[in-house]
Amino acid sequence: MTASLHVLKAFGVTIRRFVESYLDDLKWFFKKGFGGRYTPEALPIRQGVHGRGIFTVQYPAERLPLPERFRGFPFLVENRCVACGTCARVCPPQCIWIVRATDPDTGKPARRPSEFHIDLGICMQCGFCAEMCPFDAIKMGHEIEIASFSGGASFLWDREKLTRPVAYHAQIHPTAYAEEQAKKSAKEAKE
Amino acid sequence: MADEITPQPVDELTTDLLARFPGAVQPAPAPWQGLIVTRDRLVEVAIHLRDALGYRYLSSVTGVDYPAATDGLPPRFEAVYHFYRPTGGPLVLHVHADRADPTIPSLTPVFPSAGFQEREAWDLMGIRFDGHPDLRRILLWEGFDGHPLRKDYHEAYYEEDKKPFESRFPDGHPVRAEERVPLGNNLRYPPGWSPREWRPVADVWGYAPHDEVAQQKSPTHPADRLVLNMGPHHPSTHGVLRLLVTVEGETIQKIEPVMGFLHRCHDKIGERNTWLANMPYTDRLDYVCSMTNNLAYAVAMEKLLSVEVPERAEYIRVIMSEFTRFMNHTVSIGFTGNDVGIYFTAMLYALEERERILDLFEMVSGSRMMCNYMRFGGVAHDMTDQALTLARQLAFERLPRFVDKLDDFLTDNEIFRARTVGVGVLPADVAVAYGCTGPLLRASGVPYDIRRAEPYSIYDQFDFDVVTGENGDVYDRYLVRIGEMRQSLRILQQALDRLPGGPVISSKPKATLKAPAGESYGRIECPKGELGFYLVSDGGTNPYRYHVRSPSFVNLAVMDTMCRGHLIADVVMILASIDITLGEVDR
């Protein structure tokens, strides 16, 4: 019997975990009613450093909040790109294609893209494009569920599909957006 | 690696070598480091280094292709060796070989650690190592035509030698790589070729080395010996690895890892990329600990660029590395439990802690596993207050509690001990000779840790112990990992308490960065052992040569020594105790 004491102890760990899960359930039941464990308020606590019991998040019904810096796929912020090509140069898998627009009056290159493509099928979500962009025109979005049945070619996104309004950027990147605005107003004040 | 030889400065050592081997050794011209040794005296020099000068550890062997004459040296293949002493080094040896018929004497009989790495250099670069006991391809299959790391080799979908590709801007119209498949949607064979009539030209399945062992008859065992394939895929799914095993009954007579199923020629990709663009690719080497991979590459590059790193960035690097070490060891122990037959209990508890650490990584870098966090001269982002709070909670409260729990229910567990004590013993001298590093080496009783032996970053400012084992079996490796987790927490607590303010990067990273011509070898103690990056620059925006010396790959070479005489069930345990990641083995 003594020879297997430690095995029993290990079983005890499992049992404790099992019981703790139900205790946690009960705790949230008294706080929030039936299924209280799965309310949005409970999630950060269950997932937090002091969380006990079962660890599972019931995805997709439940979702973990994404941190601001989360790197999903890149998107273009409306009317900011000047077609300088920095992102296309720095992109490690070379999945960005840009066609620079020409000014119809002068025939010279214009400061905007006429075409902008990103092949999300080979994008490695490294975030260099967003990091290097001098005009804050390309950012890493928080969209991740882009799976499709039609496969490869459907991941080649053009400018229309990539563009998001500034408000979206401000919403998912509040801190970064505030910093941007502060920098902008400081620059304007200087001038 | 007990050191009984008094270390001497490298300059004296060079003069000593020059005097001892006149004509055979000469200092390499700037900007190259170390010495150039002639082919015919290489083995003699290596033996002298090992026996008389104490360079008992051959860290890295690799090849470089110079199709054109450079720096007054003719077109050549070069083999580059990095030797280390317990405290000191590296001593770099360059050996030149003719480009038409590249042959270099093998160092494998002297340094067994060269065995796998010379095979890799032969496989990818086509340098023939004379006297190698088993010079076959290692990452590619025997039927492969050509040597991909040669500068004149062009891979499928080859576009240009260097990124960024011209076709992307300013008039890029997207062409998807899939659309450029020359065969279209159909598979066509070359004229006159049929798969039915095809016969392997070489020993493509790799059974030949087992023939001799397999045909022997045992005096005690009635049955024939059997050659068995474990995998590809099974060896308890640490990744796609094939183990070729000769068994007698259920006892292992010979075992050989066959790898390369995840091979993507990381080195060639690295040579196409710009310097900075390689950073996210290093994440994908050992996908369990991307932070340390980033760090190793950054350390190598900072040596090449001579960049200073701000103090806060150094602290953040240490914090991230130690969290990574902790995470890697929890996962490793969890999966060892899985392989023992504890199944998911230990593993799920381990993964649970790992999730918390990944949450921290996600908060700091933006990605859970592919962090891409380090930059040359710092880190990409500062740690936010929220992240710091989480880090403190983890390092001071949650993780210490977890280690104690793990220790409590696993260390004295009778089943776990019965399966691990005395299994897979690796003697210290064998471990050193085969170039093993990390917990595998330290469990054999060799107190060698690069954080101590050659401190990088700011590891010389922290109090921590180098944990060692005594017996070198699977159980000791487990104990070493538990000990290292505790030491990691010690370092983390010190680093978090002393974290200074200030900038986190010396200068904003540049999209196209030029590195001065030269070479550098940066190595760190990653959770699995010594991770080294060998970089050669020709002064341009892309690496001329980019080589990864990965601990998993080199450590695998001792499988045979550890497994002989054990049962098949133990093989899985022993493999788990080496702690490999196939993304790093196959590269």
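Residues numbered from 1 in each chain as written. Chains lettered and ligands numbered in written order. Predicted model: local features only at pLDDT ≥ 70, side-chain atom pairs only at ≥ 80, totals over all residues. Heavy atoms only, no water.

Peer 1: Tell me about the pairing of strand E1 (residues 74-77) of chain A, and please be specific about residues and values.
Peer 2: Looking along a regular strand, one sees the side chains alternate between the two faces of the sheet. Residues and elements named next belong to chain A. Inspection of the sheet shows E1 paired to strand E4 (residues 138-140) by 3 bridges, in the antiparallel sense. Bridging across to E4, Leu-76 finds its partner in Ile-138. In the sheet, E1 pairs with strand E6 (residues 163-164) via 2 bridges, with the strands oriented parallel. Residue Leu-76 lies in a different strand from E6, and its bridge partner there is Thr-163. (Pairing = 2+ DSSP bridges. Helix = DSSP H or I, 4+ residues; strand = E, 2+ residues; numbered from the N terminus.)

Peer 1: Help me get a handle on the packing of helix H1 (residues 5-32) of chain A against helix H10 (residues 385-410) of chain B, residues and values and all.
Peer 2: Packed helices, taken two at a time, are described by their axes: the angle between them and the distance between them. Relative to each other, H1 of chain A and H10 of chain B sit at 135°, their axes nearing to 8 Å. By the angle between their axes, H1 of chain A is oblique relative to H10 of chain B. For the pair H1 of chain A and H10 of chain B, contact is made by His-6, Lys-9, Ala-10, Val-13 and Arg-17 of chain A and by Lys-405, Asp-408 and Phe-409 of chain B, respectively. Its residues assigned to classes, the contact of H1 of chain A with H10 of chain B shows 3 nonpolar, 1 polar and 4 charged. (Axes fitted to C-alpha atoms, helices over the stretch in contact; angles between N-to-C directions. Parallel < 35°, antiparallel > 145°, perpendicular 65-115°, else oblique. Contact = heavy atoms within 4.5 Å. Nonpolar A, V, L, I, M, F, W, Y, C, P; charged D, E, K, R; others polar.)

Peer 1: So what's going on with the domain arrangement of chain B? Residues and values would help.
Peer 2: All names here are of chain B. Considered domain by domain, chain B is made up of domain 1 (10-130), domain 2 (208-258) and domain 3 (266-586). Between domain 1 and domain 3, the residue contacts involve 30 residues of the former and 27 residues of the latter. Each partner contributes to the roughly 2,300 Å² buried at the junction of domain 1 and domain 3, and carbon and sulfur atoms together form 59% of this total. Contact with domain 3 buries area across many residues of domain 1, yet Tyr-57, Tyr-84 and Phe-116 alone supply 24% of it, more than any other trio. The tally of links between domain 1 and domain 3 comes to 0 salt bridges. At the boundary of domain 1 with domain 3, the tally comes to 13 residue pairs in polar contact (both at pLDDT 80 or more). (Domains from an automatic or database assignment. Buried area = accessible area lost by both parts, 1.4 Å probe. Salt bridge = Lys/Arg side-chain N within 4 Å of Asp/Glu carboxyl O. Polar contact = N/O pair within 3.5 Å; in protein donor to acceptor, adjacent residues only side chain to side chain.)

Peer 1: So what's going on with the side chain of Asn-555 of chain B? Residues and values would help.
Peer 2: Following the sequence through the fold, Asn-555 of chain B ends up in helix H16 (residues 551-555). Residues within four places of Asn-555 of chain B in sequence aside, it is in contact with Gly-435, Cys-436, Thr-437, Leu-440, Lys-528 and Ile-578 of chain B.

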